[in-house]
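Notes for the structure review
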There are 2 protein chains.
Amino acid sequence: MPKKHLKKNIFYAQSGGVTSVINASACGLIETARKYKTKFGKIYAGKDGILGALNENLIDVSKESAKSIRALRHTPAGAFGSCRHKLKSLEENKAEYERLIEVFAAHNIGYFFYNGGNDSQDTAHKVSIVSKKMGYPLTCIGIPKTIDNDLPYTDNCPGFGSVAKYVAVSIREAGMDVASMCSSSTKVFILEVMGRHAGWIAAAGGLAAEQSGDAPHIILFPEIPFREDAFLAKVDQTVKKYGYCAMVVSEGVKNEAGKFLSDAGLTDAFGHTQLGGVAPVIAQLIKDKLNLKYHWAVADYLQRSARHIASKTDVEQAYALGQAAVKFALAGKNDVMPTIVRTSNAPYRWKIGEIPLVKVANQEKKLPKSYITRDGFHITEACRQYLQPLITGEDYPPYKNGLPQYVKLNNVLAPKKCRS
Amino acid sequence: MPKKHLKKNIFYAQSGGVTSVINASACGLIETARKYKTKFGKIYAGKDGILGALNENLIDVSKESAKSIRALRHTPAGAFGSCRHKLKSLEENKAEYERLIEVFAAHNIGYFFYNGGNDSQDTAHKVSIVSKKMGYPLTCIGIPKTIDNDLPYTDNCPGFGSVAKYVAVSIREAGMDVASMCSSSTKVFILEVMGRHAGWIAAAGGLAAEQSGDAPHIILFPEIPFREDAFLAKVDQTVKKYGYCAMVVSEGVKNEAGKFLSDAGLTDAFGHTQLGGVAPVIAQLIKDKLNLKYHWAVADYLQRSARHIASKTDVEQAYALGQAAVKFALAGKNDVMPTIVRTSNAPYRWKIGEIPLVKVANQEKKLPKSYITRDGFHITEACRQYLQPLITGEDYPPYKNGLPQYVKLNNVLAPKKCRS
């Protein structure tokens, strides 16, 4: 093992869409690695994710104080920057992998920690293979992260629990607002949430409906083809029963032909197709067919950056996974990812598990059918039992002058050693 | 005074768009009135606001426990229901005023507390006049409430501080998200907020920009006509300088011809005009003219119901104004509204003041010119000094299973005594 001869350096990168707790994983990783000064050399982080390695923009984490690193635990978004750059297969893009290894070698990198979703776990796995082939052995450890909660083999993914909490809290609050005024004002409220391919986030909104009549009354999942008639009947019936109807709609809802509703053909005055937003499409349909007064909200990035209402469980798990990644490296593990293993539902208990990266790579965990009610418009008790612990607990950031105090790192780049 | 002869009852009603702290005013009013059992009879609340009086749907507040009333302090929306029903002038609709007095008389109401914006203060004033004319003397006290912050003669309006905090926190968080990924992904982020006629809410987003380069980089106010060229130049310049551009846009932004941008002519596939949403209009413009990748969010009701991130200052003032309304009644005042008077900026200090309802009625306080920077795209230091104290302090609701615990009242109606 390389670390026997010489202390090897660490390279950590954030990948893909950022979350309100990805920096908590970075915090867990850096704080843990800093405790093992005899085992590890320097810690570098990729500026803007893996692009930081490819462009040799390595952030020297030693320039950050212990206080700043601690503050990462309560800071949303990606403190070192992230990107959506996906490395292709070795056959298709050998040069990019060689470049990665060249930069790693130049900076004596022995550990590659990649914090991301399924694409990133695939990349980490490929880098592990390539490094062996090129005779530059490298410890490659994945750290799970995605608000979409679609990684297999882990109870859940850091980032998801906090989005889930945001969505459940928001639809509860907005639902109460609509209920207050529905006798003379808005009858239908639509909250559009993320999750283009899997309905986990939309499902989380369902947690707010604890008692009969509570919002949301309807959830639209990407897994369930949108049937206009059944939907309109449900809206009409809900408004007649409760006086209003509040719903959570996934951005990924498709019609029966498999086409996104958000691409339903809205055009601007110049005839251009208008991009994005399934909420206004649903709102228009409700107005045209039921003539009900509506309001809609699109949470967009607000939901995944809302560190002010993060789930404590999520923050703790994100931190623990960053910590576990370092411990895995210390234990000589390679080409693996730490996971969350649920050992008990009520009370919720969990521990760290592990899975080979090759198993995680490029797989998608969809919402099981048993989590959606038969009519397709809500979540089942089984789904509630799965989701509920993930939003439990509050973990408020510190405030000053009424605003959360998030850290901005120095992000000092290490001197370059390779040709660009 | 009627209360000399016999204990008169109280009628309280919530009016117009609800907020995350209007129930805190109700809490202040009810808790205070309950302390004076020798002075006041029963407390009634209008079901769905003033409609509750017109339809004789009077909620008997004595059926609510002290614990439930206490919980109103941390519960958003309108616990008794609200409405947008505006009473016309006495000439236009004498019958409606007579009906109101008939119901009040039947239930021995001696005190009318009306919790709302400028329309409601106008109504409360008219009811006061009518009651005198009809020989049914009534104590009429207004309690200010509006997220729009457009009531004159009060430092600010309960409901506004919490929306302001929500918007400032949200644009800070979403701005950090965009900053993390802008090197390879979204370059422009647009957050649409409420405030159709006044830019107070949009201005509050500006508080998040404490250091050079912080989001939001641009604010679009309803007070400043939208100039496409200047706007696009500012976006382009911001993206070139900081790598991204995050902005807060008021739903009420108008073009130079005075037309709402949100009515800019989007049509669906059937040629219907699409309703609502200035954010997608701005996004489309940025794509067409600058070809930058964008995301947009529309906060809608989420912003005004977000009790989970309410401003402590706002909650305290809302409570104090409900309390003050009762004390005004005890002191024999009539046809007035308690106000917030700012006595010091730093540290922020305030006290309760008072203003005759006739002065408040139907007036609108717009954002002063001195609060908007010369280029029209941000707030000035004077604006920051005014706004900052209003978002200060957190006042978290209690949580259970990861969700805020808001109270749902019994809302038992008193037996009817009048013809319908």
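Rules behind the numbers
Residues numbered from 1 in each chain as written. Chains lettered and ligands numbered in written order. Predicted model: local features only at pLDDT ≥ 70, side-chain atom pairs only at ≥ 80, totals over all residues. Helix = DSSP H or I, 4+ residues; strand = E, 2+ residues; numbered from the N terminus. Rg over C-alpha atoms; globule rule 2.2 N^0.38 Å. Buried ≥ 20, exposed ≤ 12 C-beta atoms within 10 Å, placed from the backbone. Contact = placed C-beta atoms within 7 Å. Nonpolar A, V, L, I, M, F, W, Y, C, P; charged D, E, K, R; others polar. Expected span 1.5 Å × (residues − 1). Least-squares fit on C-alpha atoms with pLDDT ≥ 70 in both. Axes fitted to C-alpha atoms, helices over the stretch in contact; angles between N-to-C directions. Parallel < 35°, antiparallel > 145°, perpendicular 65-115°, else oblique. Domains from an automatic or database assignment.

Here we look at the overall build of chain A
In terms of helices and strands, chain A carries 14 helices and 13 strands. A compact globule built from 420 residues should have a C-alpha radius of gyration of about 22 Å, and chain A, at 23 Å, falls within 12% of that. C-alpha atoms of chain A, sized along the principal axes, occupy 75 × 45 × 40 Å. With 420 residues in all, chain A has 58% of them scored as buried. Taking the contacts inside chain A whose residues are at least 6 apart along the sequence as the reference set, 76% of them involve residues at least 24 apart.

Comments concerning the interface of chain A and chain B
Where the parts come together, the accessible area they lose is often given as the size of the interface. Listed as interface residues are 67 residues of chain A and, on the opposing side, 67 residues of chain B. Only helix H7 (160–181), helix H10 (278–290), strand S9 (294–298), helix H11 (301–305) and strand S13 (403–404) of chain A provide two or more residues apiece to the side of chain A that touches chain B. Top contributing element to the side of chain A that touches chain B by residue count: H7 of chain A, with 13 residues. Residue composition of the side of chain A that touches chain B, by class: 32 nonpolar, 24 polar and eleven charged.

Considering helix H12 (residues 312–330) of chain B
Helix length check: H12 of chain B (19 residues) gives 27 Å between terminal C-alpha atoms against 27 Å at 1.5 Å per residue, within 8%. Directly after H12 of chain B, the chain includes Gly332 of chain B, whose backbone phi takes a positive value near 80°.

Description of the relation of the copies chain A and chain B
Take chain A, turn it by 180°, move it 0.0 Å along the axis, and it overlays chain B with an RMSD of 0.0 Å. Both chain copies can therefore be described as sitting about a two-fold axis. Distance from the rotation axis, computed per C-alpha, reaches its smallest value in chain A at Val298 of chain A: 2.4 Å. A shared binding surface is used by both copies, with 100% of the interface residues of chain A retained as interface residues in chain B.

A word on the environment of Glu173 of chain A
As for its position among the elements, Glu173 of chain A is in helix H7. In this structure the C-alpha to C-alpha distance between Glu173 of chain A and Arg384 of chain A, which are 211 residues apart in sequence, comes to 19 Å. Beyond its immediate sequence surroundings of up to four residues, Glu173 of chain A is in contact with Pro76, Ser305, Ala306, Arg307 and His308 of chain B.

Points about helix H2 (residues 22–35) of chain B
All names here are of chain B. The end-to-end C-alpha separation of H2 is 20 Å, in line with the 20 Å expected for 14 residues at 1.5 Å each. Of all 14 residues in H2, eleven are buried; the element is thus mostly enclosed. Residues of H2 that are buried make contact with strand S1 (8–14), strand S2 (40–46), helix H4 (66–71), strand S4 (109–116), strand S5 (139–144) and H12.

A closer look at the packing of helix H9 (residues 228–242) of chain A against H10 of chain A
Residues and elements named next belong to chain A. Between H9 and H10, the least distance of the axes is 11 Å, while the angle of their chain directions is 75°. The angle between H9 and H10 places the two elements in the roughly perpendicular class. Taken together, the residues of H10 that come into contact with H9 (itself represented by Leu232, Val235 and Asp236) are Ile286, Lys289 and Leu290. Across the contact of H9 with H10, the residue classes tally to four nonpolar, no polar and two charged.

Observations regarding the domain arrangement of chain A
All names here are of chain A. Looking at chain A, the domain boundaries give domain 1 (2–146 + 307–362 + 394–404) and domain 2 (160–305). Of note, the centres of domain 1 and domain 2, computed from C-alpha atoms alone, are 35 Å apart. Facing 13 residues of domain 1, the contacting portion of domain 2 comprises eight residues. Looking at the side of domain 1 that touches domain 2 residue by residue, the classes come out as five nonpolar, six polar and two charged.

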